Amino acid sequence: TIATLERLVILYPDNVDLKFYLLSILVKADSPDKVLGLVEEIKLLPDLSSEDLAMVNEMEMNLKDRNEPKLWNFYADLGLGGLFNQNVNSISKTRTKQSDDAIVGFDTAKFDRVYSGSAGFTVIRSIGEASSMMFNLSGTGSEQDVETTDNFESLGLTFGFDTSIGNHGLSPYLMLNTINYETDATNTSFMGGFGNYYAINDAHSLNYGYSYSDSKNNQSPSYPAADATNLISQSISAGYDFTLNETISTSLGLGYAETDAKVDTNDYENFDLDLRLNLSLPFAYVSIGNLLSVVEYSTIDSSINSNLLRSDMTNSSDIMLTKAIGDFFPGIDPERSFFITLSYEKVLSESNIINYDYTGDSFSIGFNKSVQLNK
C-alpha cells in the first residue's frame, strides 16, 4: 500500500487526499523519517486548510519530541458490524431441493440479520529499514436473529512477516483460528502461505501467492459426524494491477484451489476469475468487483442425487464504500483512523443440482477504529 501511494504522490504531487492517505499509513507503520518528509511537503501545498495545517504541525512536533524511532509498536482495533441477508440459507429458486433422489420442500428461513463485534491487539516489530514482523490476536462475536448458524465466538492468532527486496514485496504468514459455534461443533483451523507483490513501474504490478489450510471440527457425542467435513485445502493465485491515474485503478485475479475432505463427497476443485475497479473519489473510496467461480466435485453424493456429480457456477458482484469519520467530523477523528464501510453483494448460483440453484442479496455496514497504544 505504501509503495503504491508513494508512486501516486510522485505522479500527482498536488493531490491533498493522496498525501493524507499515505500519511495515515506511514504513521501506523511507524516510519518517522518518511512522515516528517511528507509533512513538509503537505505544509507547502497552496490549498491546505487551516485545520489540516494545525494537524500536521502537531504531528511534526510529536515526532520531533521522540528520541529514537520505536522498534515495537502496539495497536488496538475495535469493530462493529451488521449484515442484512435476503437469502441466508441459500434457498433454491424453486424453494425445493433433492434428498435421496426425491424432491422435497426447502422450508428454512430466508431473511435474517447478523450482528457482530470484534476486538484485536496487534504488535509490530521493525527489522531494519525494509522489513517488519507482526503478531495479531483477535476475537469476534456474532449473533443471528432467526437462525443459529452464525451464533459463534472466535479467537484468532496471526503472525506475518513483510520485507522488500528490490521491486518485490514478500509476505509470508501463519494463522491459527478457533470458532466455538452455539449449535454446532467447534472448528479449529491452521493456515500458512505467502504472497509476493512485484512493481513493474508506476502503473503496472503483478502479484501471486500460495496458501495451505487444515480445518478440523471437534467430534463429540453431541456431533458424532462433525469430522466428516474436515478439510485440507491448497490454493494458488495470480493477479495484475493497473493504476490509470490518482482516481482509478483496476485489478485482475486468477485462482485455483483443491480441497480434500475426510468424506470424499466433500472433495472439490474451484477456479476463480476476479475483476475489480477501485475509485479514490473526493467523497469516499469505492471498490466495485465481480467474482466468477466454477466448482467441480469429485464424488457423487448419493444422499442428494445418486445420478449427478455436482457442478456449480457462482457469480458474485459487490460494491463497497469506505470513508473516514474524520472527513465529516475532524474533532471526533482528527487522525482519520475511524472508518465506516457500507457494502452490497448479489450472488447468482447455477448448479446441475437444484439445491444449489439460488440467488441472494445482502447489505452490510461496519465501523472500525484503530488506536496506537504507545504514541
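Please refer to the structure higher up on the page.
Now for a description of the structure that goes with this document. (Residues numbered from 1 in each chain as written. Predicted model: local features only at pLDDT ≥ 70, side-chain atom pairs only at ≥ 80, totals over all residues. Heavy atoms only, no water.)

## Focus on the overall build of the protein chain
Heads up, the condition is: A run of H or I in DSSP becomes a helix once it reaches four residues, and a run of E becomes a strand once it reaches two; helices and strands are each numbered from the N terminus. Think of it in three bands: residues with accessible area under 20% of the maximum for their type are buried, residues over 50% are exposed, and the middle band is partly exposed, with areas taken using a 1.4 Å probe on protein chains only. Working rule for contacts: check all heavy atoms of both residues, and any pair within 4.5 Å makes them a contact. Each accessible area is a Shrake-Rupley estimate made with a 1.4 Å probe; only the visible protein chains count as cover when residues are assessed. Counted charges follow a simple rule, with Lys and Arg positive, Asp and Glu negative, and His plus the chain ends left uncounted. Throughout, a charge is located at the NZ atom of Lys, the CZ atom of Arg, the CG atom of Asp or the CD atom of Glu.
Looking only at helices and strands, one finds four helices and 16 strands in the protein chain. Seen through its principal axes, the protein chain has C-alpha atoms that stretch 75 × 40 × 40 Å. Burial statistics for the protein chain: of 375 residues in total, 33% are counted as buried. Contacts in the protein chain between residues at least 24 apart in sequence constitute 55% of all its contacts with a sequence separation of at least 6. A total accessible area of about 20,500 Å² is found for the protein chain, and carbon and sulfur atoms account for 61% of it. Between the mean site of the 23 positive side-chain charges and the mean site of the 51 negative ones, the protein chain shows a separation of 5 Å.

## Some thoughts on the pairing of strand E16 (residues 358–372)
Keep this limit in mind: By definition, two strands form a pair when at least two bridges between them are found by DSSP.
One ladder, built from 11 bridges, connects strand E1 (residues 72–85) with E16; its direction is antiparallel. By the bridge assignment for E16, Ala-76 is matched with Val-371. Where strand E15 (residues 338–351) lies against E16, 12 bridges are found, and the strand directions are antiparallel. Along E16, the bridge assignment pairs Phe-338 with Lys-369. The hairpin formed by E15 and E16 contains six residues between the paired strands.

## Digging into the environment of Asn-368
For Asn-368, the location among the structural elements is in strand E16. For Asn-368, a relative accessible area of 34% gives the class partly exposed. The spatial distance from the C-alpha of Asn-368 to the C-alpha of Leu-254 is 29 Å, given a sequence separation of 114 residues. In this structure Asn-368 touches Asp-77, Leu-78, Gly-79, Ser-337, Phe-338 and Phe-339, once residues within four positions along its chain are discounted.

## A few points about the environment of Asn-87
Here is the rule we go by: Counted as a polar contact is a pair of N or O atoms within 3.5 Å, where, for protein atoms, one must be capable of donating a hydrogen and the other of accepting one, and residues adjacent in sequence contribute only when both atoms are in side chains.
By secondary structure assignment, the location of Asn-87 is in the loop between E1 and strand E2 (96–99). Asn-87 gets classed as buried once you look at its relative accessible area, which sits at 5%. In sequence terms Asn-87 and Ala-109 are 22 residues apart; their C-alpha atoms lie 8.0 Å from each other. Ignoring anything within four residues of it in the chain, the contact list for Asn-87 reads Lys-110, Tyr-358, Thr-359, Gly-360 and Asp-361. Side-chain polar atoms of Asn-87 contact the backbone oxygen of Thr-359, separated by 2.7 Å.

## Points about the environment of Gly-79
With respect to the helices, strands and loops of the structure, Gly-79 is situated in strand E1. Taking relative accessible area as the criterion, Gly-79 reaches 12% and is therefore assigned buried. Once the C-alpha coordinates of Gly-79 and Thr-188 are considered, the two residues, 109 residues apart in sequence, prove to be 23 Å apart. Dropping the residues within four chain positions of it, Gly-79 is found in contact with Ser-116, Gly-117, Ser-118, Phe-367 and Asn-368.

## Description of the nonpolar core
Convention followed: We define the nonpolar core as a collection of buried residues of types Ala, Val, Leu, Ile, Met, Phe, Trp, Tyr and Cys that are connected through side-chain atoms lying within 4.5 Å of one another.
Membership of the largest hydrophobic core comes to 18 residues, with the highest contact counts inside it found for Phe-20, Leu-23 and Ile-42. The greatest single-element share of this core, amounting to six residues, is contributed by helix H2 (residues 16–28). Leave out the neighbours within four places in its chain, and Leu-23 touches Val-35, Leu-38, Val-39, Ile-42, Val-56 and Met-59.

## Some remarks on the pairing of E1
The pairing of E1 with strand E4 (residues 112–127) spans 14 bridges and is antiparallel. When the sheet's bridge partners are listed, Leu-78 is paired in E4 with Ala-119.

## Some remarks on the side chain of Ser-233
Structurally, Ser-233 is set in strand E10 (residues 231–243). In this structure the side chain of Ser-233 is engaged in a polar contact, spanning 3.0 Å, whose partner is the side chain of Thr-259.

No statement about biological role is implied by the geometric values presented.
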